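# Architecture at a glance
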Amino acid sequence: MTAKGGKGEAGAAGGAAKGPKKLPMPEAELMHPGHVGCLGCGACNAMRYALKATGPRTIISVPACCWAVMPGNFPNTCFNIPHINTAFEVTGASLSGIRAALDARGVKDVTVMGWAGDGGTADIGIQALSGMVERGTRAIYVMYDNEAYMNTGIQRSSSTPVGAWTTTTPVGAIRDYKRAPKKNMVEIMVAHGIPYTATASIAWPKDFIEKIQKAMQVQGPSFIHVFTPCPTGWRHPPERTFEVARMATQSRVFPLYEVDHGVYRVKQVKKETPLKEYLAAQGRFRHLTDEEIAGMQVNVDRWWRTLLAREKATKELEPSP
Amino acid sequence: MVDKPNYKTWRDIPPMPVCWYPSSKGNPTGGWRTFRPVIHMEGCIHCAVCWQSCPDAAIRWVEGSPDVDYDECKGCGICAYECPVKTIEMVLEVKE
Amino acid sequence: MKKVITGNYTASYAAKLCRAEVVPAYPITPQTSIVEKIAEFVSSGEMKAQYIKVESEHTAMAASISASYAGARTFTATSSHGLVLMHEMLHWAAGARTPVVMANVNRALAPPWSVWADHTDSMSQRDTGWIQFYCESNQEVLDTIIMCYKVCEQRDVLLPAMVNMDAFILSHTSEVVDVPSIEQVDAFLPRFEPEWKLDPDRPMSFGSLSPPASFYMEWRYGIQHAMDVAAKRFMEESRAFERHFGRPWGGLVEEYRARDADAVIVAMGTMASTAKEAVDQVRAKGRKVGLVRLKAFRPFPTKELREALGGAKVVGVMDRSHTFGHEGPVFTEVKAALYNAPKRPAMAGFTIGLGGRDILDSTVVGLYERLHDAAERGVTKEVEWIDLKGAEEEVAR
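Residues numbered from 1 in each chain as written. Chains lettered and ligands numbered in written order. Predicted model: local features only at pLDDT ≥ 70, side-chain atom pairs only at ≥ 80, totals over all residues. Heavy atoms only, no water.

Quick look at the overall build of chain C now. Each helix and strand counted, chain C has 13 helices and 16 strands in total. When its C-alpha atoms are laid out on the principal axes, chain C stretches across 70 × 55 × 45 Å. Within chain C, the proportion of its 397 residues that are buried is 61%. Counting only contacts in chain C whose residues sit at least 6 apart along the sequence, the fraction spanning at least 24 positions is 80%. Carbon and sulfur atoms form 52% of the exposed surface of chain C, whose accessible area is close to 15,300 Å². (Helix = DSSP H or I, 4+ residues; strand = E, 2+ residues; numbered from the N terminus. Buried < 20%, exposed > 50% of the residue type's maximum accessible area, 1.4 Å probe, protein only. Contact = heavy atoms within 4.5 Å. Areas by Shrake-Rupley, 256 points an atom, 1.4 Å probe, with all protein chains shown as cover.)

What follows is the structure, encoded as structure tokens:
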């Protein structure tokens, strides 16, 4: 079996091209193929979309995570923008340093973006993130969330959802799946008074790109939590990556919302998917009983109602300065 | 900066690990495939969802139509799954 | 212009004169006045720097590395636990080849808490690939920071450098310092223009994965090679420094009445200054003793040491730190440097002054007496802890 170059059947049909009037997102690619991401990796789509949003005047800082490995081995890289690999816990620090250097040289038109996994943000990287936000560094911090330490082989993080199997919460006889609730990074950012923060999903690419573009306008820090399914770690077939992401939001496990200068705005998604269906799509939840799922449902409902209440409560408020 | 670097000794390399050679040239990943996507163009509605949903940017958009780059495509099947009109077929790769 | 300033303020002036562009700063006793003074300079407008009030020293070093990669001259300062907290990032800065310059105030490590002079903090970082200087005076702090930027930013050096000064003895003690004008420093120190940097006009990826058959080992060799180049450059630029500023910076070691001495002590930092007093006192009584002060610990000046100690019958090394399970690290390295020398003197190691325990000139006079005995009767105590309470009961090695 070889990979032969060539057009296959796609280019065989002649005749007039009937392209869409406008592509659904900017056309230019700043991420080359040939990266070593797994088949169907949600984090790859996230990166592709984010770079389409930020464009070539971007500097990206990536700590230890899947994306540290994905660009490939020296001397290859999949990035067509300036890119720095850093130590695991330092993304927030790195962003402050880069922005300071650009400010020192009077360079104002470059987007500084951090791209870190959930482990590198919610666990080991939380101090540096907190510091960067508190200081008001003008940078976009994107946490791409595959809900575990995936690069090191699927160990639990504080972002792993309740119920999930991981190698360090391997269920077993004592049903030791992830018990601790998923750390809510966006709410932690809200508590910092961050100018702009939002959840996003690869299944809503336009929404994700708009949120990044909003973040680019902020003269200070912003934090985007993007949901990126991982076929390898979540145990679902690679072709269902987008499906799983959609169901996460449709089941209200991962609501899409933004907090813009203190004002909550929740995205109402038309379709509703039962939680059970979302969980059944992934092998990492295979062990859960109906009772356990019912318990999870209570928390999902509760958070959804809380979000709507916050939206209502902040609607009439003037946006914070 | 598109020439493949020809590093042999400690004197050739930059002082720190830094590189720019595109992975699409240095590491084409088409060899990863078990299944290949075949787009039946007669059914294509040119919505560009397949182009958009590829994690590898391995589907190019050429004159309004999708065009799979088989040097890079890993065969994950997302394009076929997401195609709203199901005109992409995942076909088992066979040795030529 | 001559000022009477503390070692800490001297470091702040040096950062200002070198036009440091990014200063990530986190306070720790007894470094705090360095970063406070810089904050004053920046907020008064007399220093144009981006002052990042980081939330830890680890972040300070991480921010320094990224700022340097983005093309800015970077300065930071720390001490003791702050330095060791940065340990991971010190390795990173050297591997990244970012010419960050850092003032480190040598202070003891806990537990127990101690804020006083001790070299364990920086000595425990000797493997990280940083250039290390140990200063004896505030003037040397200023001049060495300038020299470090001058040498480290050169494209075939590109190494980070730490300039060490003893806690309180230098950091908080005022001395006369000849502070050059910023124009004088501008004429000596060009703007930082790195070839390899984060620049959207020339996109590149830093720090990619490198398997065993790739170039990891070659990059590591590159760091070593850069150290060798740096050693030469410091000597070349030292001559340029003297011509430009009208006062010497000296070399990687300083010899004090050592060449014709029978017994020589090797020491770093302010205890060397005390030892010079002792040398004069002992010489006045008729014995030929001398002092060699190691200014550079990395790159380690093997050649210079072999020359300086070539005529000595016995060499004693004062260590203001100790590697547990072994001996003082400076002792180990000086011994190793002399192992293949044409004439190997007898050697003894003195672990002394830990946690800021005072080192008096009379103490060092006592060390010369020990060395004299060792020269006559051979070394009976290879390693000794000096001024240790209960020492007379100890059986030293």
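Having put the structure on the table, let's press on.
For chain A, the helix and strand inventory stands at 11 helices and 9 strands. For 321 residues, the compact-globule formula gives about 20 Å, and the C-alpha radius of gyration of chain A, at 20 Å, lands near that figure. Residues classed as buried in chain A amount to 59% of the 321 residues present. Contacts in chain A between residues far apart in sequence, at least 24 positions, make up 70% of those at least 6 positions apart. (Rg over C-alpha atoms; globule rule 2.2 N^0.38 Å.)

Below, the discussion takes up the side chain of C:Glu136. Residue and element names in this part refer to chain C. Inspection of the secondary structure puts Glu136 in the loop between β6 (131-134) and α7 (138-152). Classification of Glu136 as buried rests on a relative accessible area of 13%. A polar contact of 3.5 Å, which involves the side chain of Glu136, links it to the side chain of Arg293. Residues in contact with Glu136, not counting those within four places in the same chain, are Leu170, Glu254, Gly269, Thr270, Ala272, Ser273, Lys276 and Arg293. (Polar contact = N/O pair within 3.5 Å; in protein donor to acceptor, adjacent residues only side chain to side chain.)

Before going further, it helps to spend a moment on the interface of chain B and chain A. Bring the parts together and some accessible area is lost; that lost area is often taken as the interface size. Counting residues at the interface gives 53 residues for chain B, matched by 50 residues for chain A. Overall, the association of chain B and chain A removes approximately 4,300 Å² of surface from exposure, summing both partners, and the carbon and sulfur fraction of that is 58%. Across the contact surface, chain B and chain A share 1 salt bridge. Close ionic contact of B:Glu82 with A:Arg246 constitutes a salt bridge, the shortest N to O distance being 3.0 Å. (Buried area = accessible area lost by both parts, 1.4 Å probe. Salt bridge = Lys/Arg side-chain N within 4 Å of Asp/Glu carboxyl O.)

Mapped onto the elements of the fold, B:Cys47 is located in the loop between β3 (35-39) and α2 (49-53). The sequence separation of B:Cys47 and B:Val85 amounts to 38 residues, and the corresponding C-alpha distance is 9.7 Å. Setting aside residues no more than four positions away along its own chain, B:Cys47 makes contact with A:Pro24 and B:Pro84.

Our next topic: the nonpolar core. All names here are of chain A. Formed by 84 residues in total, the largest nonpolar core has its most connected members in Leu51, Ile60, Trp67, Trp115, Phe208, Ile224 and Tyr278. Broken down by element, this core gets its largest block of residues, 8 residues, from helix α1 (residues 42-54). Setting aside its immediate chain neighbours within four residues, Phe208 contacts Ala46, Tyr49, Ala50, Trp115, Ala200, Ser201, Ile224 and Val226. (Core = buried A, V, L, I, M, F, W, Y, C linked by side-chain atoms within 4.5 Å.)

Every contact between the two is made by 18 residues of chain C and, on the other side, 13 residues of chain B. Between chain C and chain B the total buried area reaches about 1,500 Å² when both faces are included, carbon and sulfur atoms providing 76% of it. Our enumeration of links across chain C and chain B arrives at 5 residue pairs in polar contact (both at pLDDT 80 or more). Element by element, the count of residues in the side of chain C that touches chain B is highest for helix α9 (residues 216-245) of chain C, at 4 residues. With 2 bridges joining them, strand β1 (residues 18-19) of chain B and strand β9 (residues 205-206) of chain C adopt antiparallel strand pairing. Looking at the pairing, B:Val18 lines up with C:Phe206 of β9(C). (Pairing = 2+ DSSP bridges.)

Residue and element names in this part refer to chain A. According to the stated counting rule, one finds 53 salt bridges over all chains in the structure shown. A salt bridge links Lys211 to Asp207; the shortest N-O distance between them is 2.8 Å. Taken together, the residues span about one helical turn, with Lys211 and Asp207 both in helix α7 (residues 205-217) at a distance of 4 residues. Accessibility expressed as a relative area gives 11% for Asp207, which makes it buried.

Within the open sheet, the 10 strands sit side by side as β9(A)-β8(A)-β6(A)-β7(A)-β5(A)-β4(A)-β1(A)-β3(A)-β9(C)-β1(B). Their pairing is mixed. Edge positions in the sheet fall to β9 (263-266) of chain A together with β1 of chain B, since each of these pairs with one other strand and no more.

Turning to the packing of helix α3 (residues 57-69) of chain C against helix α5 (residues 87-96) of chain C, a few remarks are in order. Residue and element names in this part refer to chain C. Contact geometry for α3 and α5: axes closest at 9 Å, N-to-C directions at 15 degrees. The angle between α3 and α5 places the two elements in the roughly parallel class. When you trace α3 past α5, the crossing you get is left-handed. Residues His58, Met61, Ala62, Ile65 and Tyr69 of α3 touch α5, and the partners they reach there are Glu88, Met89, Leu90, Trp92, Ala93 and Ala96. Looking at the contact of α3 with α5 residue by residue, the classes come out as 9 nonpolar, 1 polar and 1 charged. (Axes fitted to C-alpha atoms, helices over the stretch in contact; angles between N-to-C directions. Parallel < 35°, antiparallel > 145°, perpendicular 65-115°, else oblique. Left-handed = near helix turned anticlockwise from the far one by under 90°. Nonpolar A, V, L, I, M, F, W, Y, C, P; charged D, E, K, R; others polar.)

Attention now goes to the packing of aromatic side chains. Under the definition given, this model contains 26 aromatic pairs over all chains. Here the aromatic rings of A:Phe227 and A:Trp234 are separated by 5.3 Å at their centres, their planes lie at 55 degrees, and the arrangement is tilted. For the residue pair A:Phe227 and A:Trp234, the accessibility class agrees, reading buried in each case. Here C:Tyr134 and C:Phe297 contribute two aromatic rings whose centre-to-centre distance is 6.5 Å and whose plane-to-plane angle is 85 degrees, an arrangement assigned as edge-to-face. Here C:Tyr134, found in strand β6, pairs with C:Phe297, found in strand β13 (residues 296-298); they are 163 residues apart in sequence, far enough to count as distant. The buried category is assigned to C:Phe297, whose relative accessible area is 0%. One aromatic cluster is present, formed by A:Phe74, B:Tyr7, C:Phe215 and C:Trp219 through successive ring pairs. Of note, B:Lys86 hangs over the ring of B:Tyr81, and the distance from its end group to the ring centre comes to 5.7 Å. A cation over an aromatic ring shows up here: C:Arg344 above the ring of C:Tyr339, its NZ or CZ 4.0 Å from the ring centre. (Phe/Tyr/Trp six-rings, centres within 6.5 Å; stacked < 30°, edge-to-face > 60°. Lys NZ or Arg CZ within 6 Å of the ring centre and 35° of its normal.)

By themselves, these figures tell us nothing about what the structure is for.
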